[in-house]
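Residue-level structural notes
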Amino acid sequence: MILKWTAAWYELDQTVIVGDKALFYLSIDEKSILFNDLYQSNSFIRKRLEIMRITHPVLGNVNGIVTIGQDYSFYLADGTMLEANSEEQPGRIYDFFVVIDDWTFDVEVNVLDEADLQENDKKESLKDSVSRYKVLLGITEAPWERYV
């Protein structure tokens, strides 16, 4: 199954990393399924998914998108890490000579749990998530750790 992940910026988006198996909020908007984590919305479903692949028309294959803090970190398959502002100038990339006009990614997923989840199901702590993200990305330090 391929879903669309479109940046809403301002830490409103869920982190997606290839290989991650976690609970995701999927908003339904005119037949498009988005990863935006809009808790206020009445039109979302929660599913346990495994992220299989992330692609972008300009950036190509992406290993992960980390949405923690004032900047989003995009880990490309070639080992490059891009940081884009998510607050004052959403989508502005630092120190990289490419302009991205559309921050929509295709995310191939495997649905692990089709059953509806109970309202009291809890997401893991951000600290635990950060540790898992670093292992999945094969990194020991990250600029977004300071926000935990």
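Model, not experiment: these values are computed from the prediction.

The rules behind these values
- Residues numbered from 1 in each chain as written.
- Predicted model: local features only at pLDDT ≥ 70, side-chain atom pairs only at ≥ 80, totals over all residues.
- Heavy atoms only, no water.
- Phe/Tyr/Trp six-rings, centres within 6.5 Å; stacked < 30°, edge-to-face > 60°.
- Helix = DSSP H or I, 4+ residues; strand = E, 2+ residues; numbered from the N terminus.
- Buried < 20%, exposed > 50% of the residue type's maximum accessible area, 1.4 Å probe, protein only.
- Pairing = 2+ DSSP bridges.
- Expected span 1.5 Å × (residues − 1).
- Arc of directions from axis to C-beta.
- Contact = heavy atoms within 4.5 Å.
- Salt bridge = Lys/Arg side-chain N within 4 Å of Asp/Glu carboxyl O.

1. Some thoughts on the packing of aromatic side chains
All chains considered together, the criterion is met by seven aromatic pairs. Consider the rings of Y133 and W144, whose centres lie 6.4 Å apart with planes at 70 degrees: the pair is edge-to-face. Here Y133 is found in helix α1 (residues 126-137), whereas its partner W144 is found in the segment after α1, with 11 residues between them in sequence. Here Y133 falls in the buried class, since its relative accessible area comes to 9%.

2. Considerations on the pairing of strand β5 (residues 44-56)
Where β5 meets strand β6 (residues 60-66), three bridges bridge the pair, whose relative direction is antiparallel. Residue pairing across strands places I54 opposite V62, the latter belonging to β6. What sits between β5 and β6 in their antiparallel hairpin is a turn of three residues.

3. Concerning α1
The first and last C-alpha atoms of α1 sit 16 Å apart over 12 residues, in line with the 16 Å expected at 1.5 Å per residue. Buried residues of α1: S129, V130, Y133, K134 and L137, and no others. For α1, the buried positions fall inside an angular range of 135 degrees around the axis, keeping them on one side. On its buried face, α1 sits against β2 (16-17), β6 and β7 (71-76).

4. Description of the pattern of salt bridges
Under the definition given, this model contains three salt bridges. A salt bridge links K4 to D106; its shortest N-O distance comes to 2.5 Å. Of this pair, K4 sits in strand β1 (residues 2-6) while D106 is found in strand β10 (residues 104-113), placing the two residues 102 residues apart along the sequence. Among the residues examined, K4 registers a relative accessible area of 36% and is labelled partly exposed.

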